[in-house]
Amino acid sequence: MAKVSILLVLVIVGLVSIGTTEAARKHPWRIHTLFSVECQNYFDWQTVGLMNSYRKAKQPGPITRLLSCTDEEKKNYKGMHLAPTFEVPSMSRHPRTGDWYPAINKPAGVVHWLKNSKDAKNVDWVVILDADMIIRGPIVPWELGAEKGRPVAAYYGYLIGCDNILAQLHTKHPELCDKVGGLLAFHIDDLKVFAPLWLSKTEEVREDRAHWGTNITGDIYGKGWISEMYGYSFGAAEIGFRHKINDNLMIYPGYVPREGIEPILLHYGLPFSVGNWSFNKLAHHDDGIVYECGRLFPEPPFPREVIQLELDHNRRRGLFLSIECINIINEGLLLQHAADGCPKPAWSKYLSFLKSKAFAELTKPKYPTPATLKMIEDTIEEHVDHDAGKPYPKIHTVFSTECTTYFDWQTVGLMHSFSTSGQPGNITRLLSCSDEGLRQYKGHDLAPTHYVPSMSQHPLTGDWYPAINKPAAVLHWLNHVTIDAEFIVILDADMILRGPITPWDFKASRGHPVSTPYEYLIGCDNELAKLHTSHPEACDKVGGVIIMHIDDLRKFALLWLHKTEEVRADRAHYARNITGDIYESGWISEMYGYSFGAAELKLRHTISSEILIYPGYIPAPGVKYRVFHYGLRFSVGNWSFDKADWREIDMVNRCWAKFPDPPDPSTLDQANADNLQRDLLSIECAKTLNDALNLHHKRRCSNTNSLLTSKGEEGTEESGISREFGKVDESTNSMNNHISTNHSEELVTNHSEELASVQKDEMPSSFRFWVIFLWAFSGIGFLVVIFVLYSGHRRRGSRTKHHSRRRRSLHSGVMEMNGRDRYSRGGGVDRPL
């Protein structure tokens with residue numbers, strides 16, 4: 001009996017405990033989650049992903065999709081069943097101004113919901129998200145720190161208009177302007193007051209075309225595309241809201257979370273990758289995947305593969321977030337297909353994983369850690385204390401060229417952009433020249449230069465492969481120069497800098513260089529990697545921009561060169577299906593030399609898609625690319641530019657030479673936003689090249705349009721460059737001067753010989769001799785005969801001199817046509833990402 005009593009007591013205590021726990025889980029206030037979309041396939045698959053994550057994360061309260069559609073769009077729309085939906089009149093085309101700006105539907109949708117939805121009258125707190133998000137755990141406003149009058153939001157640091165004239169023009173309280181967006185958690189009373197201002201300020205900023213410039217707004221497109229974000233910040237400032245700003249709750253897949261941080265929201269607005277797999281939402285803009293039974297997005301690596309990919313614990317966490325994001329979207333698609341009556345898909349290892357207990361365990365609700373809940377003002381204070389007296393590491397930028405005018409105009413463009421980009425540290429041109437090429441070369445003053453013996457013609461094999469000069473030049477520079485820098489940034493000459501490329505911005509560290517994706521390097525996935533590296537699993541498809549710690553580069557540079565030679569010699573595997581080289585000529589051997597050399601040392605790259613863009617490609621929204629790589633032909637309407645077309649044309653030594661001007665931005669078609677942003681970037685790249693050439697000619701040219709041959713002019717240019725780019729370390733400069741001493745002596749001697757030759761050629765043909773002869777024999781009386789002989793000699797001398805000059809001119813032209821220049825890597829190396 002006693003045992004029964006004890007058991008009964010335990011049961012009662014257990015029931016009370018369970019009841020208490022359940023009561024504790026009940027939230028004292030009502031929460032409603034909103035997200036805004038349009039009637040498009042693009043938003044439908046995002047809706048499926050978000051809705052699946054909403055259920056898995058156990059987000060409290062109902063969720064509503066604010067669906068903005070025109071009447072015409074609604075006739076053909078198939079996705080009304082995808083989420084609880086509140087229909088909103090579309091404002092994509094503004095009813096008053098006719099302006100096409102779909103982003104305005106977000107504030108317009110919230111305003112409409114507040115005025116017309118019964119749910120808005122039965123709620124205490126509202127969480128506002130974007131469709132391209134994945135919820136990982138409950139978003140409970142008061143637990144995140146939100147208060148009435150103090151909403152919580154994520155940090156959007158690129159909204160620089162809060163710091164300048166834009167805020168002063170559009171709010172009475174510019175000092176209250178917060179750089180926020182993404183995740184928004186509002187008390188309903190605050191939202192009711194604020195939402196109309198959000199809409200009206202968005203319209204106001206959108207109409208202020210005079211202040212759309214990138215330098216004012218931070219909008220890389222300069223076309224007012226982020227007006228809705230500024231409408232939000234200015235509207236909040238107008239009524240005195242100060243946000244609690246958090247930079248930990250939300251993360252972009254592809255980024256590495258800070259140690260101890262547990263993000264509860266994934267925002268996949270940017271491209272991201274895991275090893276050789278990648279995902280970009282813009283690649284699925286018109287994708288009807290929701291309505292295609294059995295179809296999912298390409299499966300990412302399995303968790304056990306991610307563990308093998310990355311040894312660093314925190315970086316591995318970042319990779320796990322990336323695969324979690326796409327797996328939850330795919331799981332949502334799988335469930336939606338089943339709900340729509342699709343037949344059961346065929347078994348696969350991946351589908352089995354998505355249905356497994358292991359996946360359910362990996363994606364169970366996450367809860368923010370105390371570190372995650374810290375607001376940015378607290379973090380800033382801690383950061384200041386922690387980093388006091390610790391400057392950023394020194395960096396040095398290098399790029400490789402050859403002694404041709406083709407590389408000279410590229411050098412002018414890159415050096416000009418370097419001076420305007422804010423890139424810290426020094427820059428050095430690695431100039432690979434043969435002795436003969438150096439004697440004739442005129443562009444010594446275009447950049448701080450380290451001279452390198454040319455390896456275009458391999459000294460052992462005789463193989464003609466100018467691309468090998470890049471690793472050879474880097475190795476030569478490392479071995480001959482005292483380098484006072486911790487990180488090295490390696491670029492190509494055919495690049496334009498738009499902003500600084502720094503290791504601290506892109507999380508480079510010793511053992512973890514940063515680079516940009518070169519997905520066409522398929523040899524990292526097949527037998528080529530197995531043949532040429534001991535660690536094919538560590539082969540990264542990267543190139544273009546490289547940020548590497550100096551200690552890593554010293555170990556790696558020789559391997560880069562040797563692996564390039566090795567791949568170049570492996571003619572049996574030049575085939576396109578093995579290398580991805582469309583020319584099947586081993587032309588991208590240097591790129592594989594880089595990847596295989598890095599794999600040999602197990603240098604795993606942080607691969608960033610936010611550093612570099614090819615003009616002519618559609619940019620990802622919100623990404624501020626730091627580099628243009630104009631290696632491919634690009635066009636805007638009937639205008640186009642291809643660097644290969646300017647291989648034989650001297651743009652640097654011919655006064656006032658420039659490329660054909662691109663179209664004026666005001667003439668562009670505004671209808672398609674993606675194409676507009678693409679064309680604006682193309683125009684910016686071409687204009688920067690012409691601006692660079694114009695400044696170069698202003699420094700060097702007189703008012704005439706003649707070719708520059710004067711030594712005095714070259715000297716003037718050199719001093720101008722020194723003033724503008726006087727950022728060379730003394731140790732580096734000293735070593736460069738020492739290395740180039742012999743070259744300089746050869747150049748001076750050669751110049752003197754040429755000058756003497758020219759003076760000799762230009763003297764009248766023995767004029768004085770004939771005068772003396774005529775005077776000596778003036779008494780003989782053969783004046784007529786002597787006159788005839790004298791005239792005949794003059795004619796022969798003129799023909800000889802003309803023939804001599806013509807031979808020199810032809811010789812120079814042959815060197816231009818048949819020299820190293822036409823085989824440089826620019827013509828065939830660059831490929832789409």
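A quick note: this is a predicted structure, and the numbers were derived from the prediction, not measured.

Student: Mind showing me how you'd approach the overall build of the protein here?
Tutor: Helix and strand counts for the protein stand at 28 helices and 24 strands. Counting only residues that meet the buried cut, the protein has 54% of its 833 residues in that class. Accessible surface, the protein: about 38300 Å² in total, of which carbon and sulfur atoms supply 56%.

Student: What is the right way to read the packing of aromatic side chains from this model?
Tutor: Two measures describe an aromatic ring pair: the distance that separates the ring centres and the angle between the ring planes. Evaluation of the coordinates by the stated rule reveals 43 aromatic pairs. On the numbers, 6.0 Å between centres and 65° between planes, the contact of Phe 186 with Phe 241 is edge-to-face. Residue Phe 186 is located in strand S7 (residues 180–187), and its partner Phe 241 is located in the loop between helix H9 (227–238) and strand S8 (244–246); the two are separated by 55 residues in the primary sequence. Across the pair, Phe 241 and Phe 186 agree in class, each one buried. Ring centres 4.9 Å apart and planes at 80° place the aromatic pair Trp 646 and Phe 659 in the edge-to-face group.

Student: Sorry, what's going on with the pattern of salt bridges here?
Tutor: Opposite charge on two side chains makes pairing possible when the charged atoms of those side chains draw close. In the structure shown here, the tally under the stated rule is 38 salt bridges. The partner of Glu 324 in a salt bridge is Arg 136, with the nearest N and O atoms 2.8 Å apart. Taken together, the residues span a long stretch of sequence, with Glu 324 in helix H11 (residues 313–339) and Arg 136 in the loop between strand S5 (133–135) and helix H5 (141–144) at a distance of 188 residues. Ionic pairing is found between Asp 287 and Arg 295, a salt bridge with its closest N-O pair at 2.7 Å.

Student: Help me understand the packing of helix H7 (residues 188–207) against H9, please; the structure alone is not making it clear to me.
Tutor: Packing of H7 against H9 brings their axes to within 7 Å, and their N-to-C directions diverge by 130°. Overall, the two elements H7 and H9 adopt an arrangement that is oblique. Once H7 is placed against H9, the crossing between them reads as right-handed. From H7, Phe 194, Leu 197, Trp 198, Lys 201, Thr 202, Val 205 and Arg 206 reach across to H9, where they touch Ser 227, Glu 228, Tyr 230, Gly 231, Tyr 232, Phe 234, Gly 235, Ala 236 and Glu 238. For the contact of H7 with H9, a count of residues per class yields eight nonpolar, four polar and four charged.

Student: Explanation requested: the sheet that holds strand S10 (residues 265–267) in the structure shown.
Tutor: Paired through backbone hydrogen bonds, the strands of a sheet run either parallel or antiparallel to each other. Taken in spatial order, the three strands of this open sheet run S5-S10-S9, and their pairing is mixed. With partners counted over all chains shown, the strands left at the sheet margins are S5 and strand S9 (250–251), one partner each. Pairing between S9 and S10: two bridges, direction parallel. Residue Ile 251 lies in a different strand from S10, and its bridge partner there is Leu 266. Together, S5, S9 and S10 form the strand contacts of H11, whose direction differs from that of S5 by roughly 95°.

Student: Whenever I open this one, the packing of helix H15 (residues 405–421) against helix H23 (residues 673–700) confuses me. Can you help?
Tutor: Two packed helices can be described by the angle between their axes and the distance between those axes. Where H15 meets H23, the closest approach of the two axes is 8 Å, and the angle between their N-to-C directions is 100°. Taken as axis vectors, H15 and H23 run roughly perpendicular relative to one another. For the pair formed by H15 and H23, the contact residues are Trp 409, Val 412, Gly 413 and His 416 on the first element and Thr 688, Leu 689, Asp 691, Ala 692, Leu 693, Leu 695 and His 696 on the second. Residues belonging to the contact of H15 with H23 are distributed by class as follows: six nonpolar, four polar and one charged.

Student: Quick question: what am I supposed to make of the confidence of the model for the protein here?
Tutor: When pLDDT drops low, the exact placement of atoms in the prediction is not to be read closely. Within the protein, residue pLDDT values average 83, and 79% of them lie at 70 or more. When the criterion is pLDDT under 50, residues 379–390 qualifies, and its contacts beyond four places in sequence or with other chains add up to two contacts. For residues 704–771, every residue scores under 50 in pLDDT, and the model assigns this stretch 82 contacts once sequence neighbours within four places are set aside.

Student: Can you help me understand the pairing of strand S3 (residues 85–89) in this one?
Tutor: Consecutive side chains along a regular strand alternate between the two faces of the sheet. Alternating positions in S3 separate cleanly, Phe 86 and Val 88 being buried on one face and Thr 85, Glu 87 and Pro 89 remaining unburied on the opposite face. Both strand S2 (residues 63–69) and S3 contribute to a ladder of five bridges, which runs parallel. Following the sheet pairing, Leu 66 is matched in S3 by Phe 86.

Student: I keep staring at the sheet that holds strand S21 (residues 612–613) and nothing clicks. Help me out?
Tutor: Pairing is mixed across the open sheet formed by three strands, whose spatial order is S17-S22-S21. For this open sheet the edge positions go to strand S17 (495–497) and S21, each flanked by a neighbour on one side alone.

Student: Honestly, the nonpolar core in this entry has me stumped. Any pointers?
Tutor: Within soluble globular proteins, side chains that are nonpolar generally end up buried alongside one another. Counting residues in each nonpolar core, the largest one holds 159 residues, and the members touching the most others are Trp 45 and Trp 409. Residue contacts for Trp 45: discarding those within four places in its chain leaves Tyr 268, Phe 279, Lys 281, His 284, Asp 287, Ile 289, Val 290, Phe 297, Ile 329 and Leu 333.

Student: Any chance you could explain the state of the cysteines here in plain terms?
Tutor: Applying the stated criterion to the full structure yields six disulfides. A disulfide bridge connects Cys 524 with Cys 539, and the sulfur atoms are separated by 1.9 Å. Disulfide Cys 524-Cys 539: torsion about the S-S bond near -45°, hence left-handed. Separated by 15 residues along the polypeptide, Cys 524 in the loop between strand S18 (514–517) and helix H19 (527–532) and Cys 539 in the loop between H19 and strand S19 (542–549) bring together distant segments of the chain. Using a relative accessible area of 3% as the deciding quantity, one classes Cys 539 as buried. With a sulfur-sulfur separation of 2.3 Å, Cys 655 is cross-linked through a disulfide to Cys 701. Residues Cys 655 and Cys 701 are joined through a disulfide that is left-handed, its torsion about the S-S bond being -110°. With Cys 655 in the loop between strand S24 (639–641) and H23 and Cys 701 in the loop between H23 and helix H24 (711–724), the pair connects residues that are 46 residues apart, well separated along the chain. Of the two residues examined, Cys 655 and Cys 701, each falls in the buried class.

Student: Got a minute to help me understand helix H4 (residues 105–116) in this structure?
Tutor: The α-helix advances 3.6 residues per turn, and as a result positions three or four apart in sequence lie on the same side. With twelve residues, H4 should reach 16 Å at 1.5 Å per residue; the first-to-last C-alpha distance of 16 Å fits that figure. Here H4 lies mainly inside the structure; nine of its twelve residues are buried. In the core, the buried residues of H4 are packed alongside strand S1 (31–38), S2, S3, strand S4 (125–130), H7 and H9.

Student: Just checking my understanding: could you explain helix H2 (residues 41–56) for this structure?
Tutor: Between its first and last C-alpha atoms H2 spans 23 Å; for 16 residues at 1.5 Å apiece the expected length is 22 Å, and the two agree. Of all 16 residues in H2, 14 are buried, a share of seventy percent or more. The first or second residue beyond H2 is Lys 58, which carries a positive phi of 55°.

Student: I would appreciate a short explanation of the side chain of Thr 502 in the present structure.
Tutor: Here Thr 502 lies in the loop between S17 and helix H18 (503–506). At 2.9 Å, the side chain of Thr 502 forms a polar contact with the side chain of Asp 505. Apart from residues lying up to four places away in sequence, Thr 502 is in contact with Ile 395, Pro 424 and Ile 547.

Student: Explain unusual backbone geometry to me, please; I cannot follow it from the model alone.
Tutor: Excluding glycine, most residues fall at negative phi; most peptide bonds, likewise, are trans. The backbone of Lys 58 sits at a positive phi, close to 55°, despite the residue not being glycine. Residue position: Lys 58 is located in the loop between H2 and S2. Despite not being glycine, Trp 656 shows a phi value in the positive range, around 65°. Locating Trp 656 in the fold gives a position in the loop between S24 and H23. Using a relative accessible area of 34% as the deciding quantity, one classes Trp 656 as partly exposed.

Student: Mind showing me how you'd approach the side chain of Thr 428 here?
Tutor: In this structure, Thr 428 sits in strand S14 (residues 426–433). Given the relative accessible area of 0%, Thr 428 is considered buried. A polar atom in the side chain of Thr 428 sits 2.8 Å from the side chain of His 396.

Student: What am I meant to see in the environment of Asp 340 here?
Tutor: Assignment of secondary structure puts Asp 340 in the loop between H11 and helix H12 (349–354). Taking the relative accessible area as the measure of exposure, Asp 340 reaches 33% and is therefore partly exposed. Remark: the alpha-carbon pair of Asp 340 and Cys 293, spanning 47 residues in sequence, is separated by 8.7 Å. Residue contacts for Asp 340: discarding those within four places in its chain leaves His 81 and Val 290.

So, how was this worked out
- Residues numbered from 1 in each chain as written.
- Predicted model: local features only at pLDDT ≥ 70, side-chain atom pairs only at ≥ 80, totals over all residues.
- Heavy atoms only, no water.
- Helix = DSSP H or I, 4+ residues; strand = E, 2+ residues; numbered from the N terminus.
- Buried < 20%, exposed > 50% of the residue type's maximum accessible area, 1.4 Å probe, protein only.
- Areas by Shrake-Rupley, 256 points an atom, 1.4 Å probe, with all protein chains shown as cover.
- Phe/Tyr/Trp six-rings, centres within 6.5 Å; stacked < 30°, edge-to-face > 60°.
- Salt bridge = Lys/Arg side-chain N within 4 Å of Asp/Glu carboxyl O.
- Axes fitted to C-alpha atoms, helices over the stretch in contact; angles between N-to-C directions.
- Parallel < 35°, antiparallel > 145°, perpendicular 65-115°, else oblique.
- Left-handed = near helix turned anticlockwise from the far one by under 90°.
- Contact = heavy atoms within 4.5 Å.
- Nonpolar A, V, L, I, M, F, W, Y, C, P; charged D, E, K, R; others polar.
- Pairing = 2+ DSSP bridges.
- pLDDT = per-residue confidence, 0-100.
- Core = buried A, V, L, I, M, F, W, Y, C linked by side-chain atoms within 4.5 Å.
- Disulfide = S-S within 2.5 Å.
- Expected span 1.5 Å × (residues − 1).
- Polar contact = N/O pair within 3.5 Å; in protein donor to acceptor, adjacent residues only side chain to side chain.

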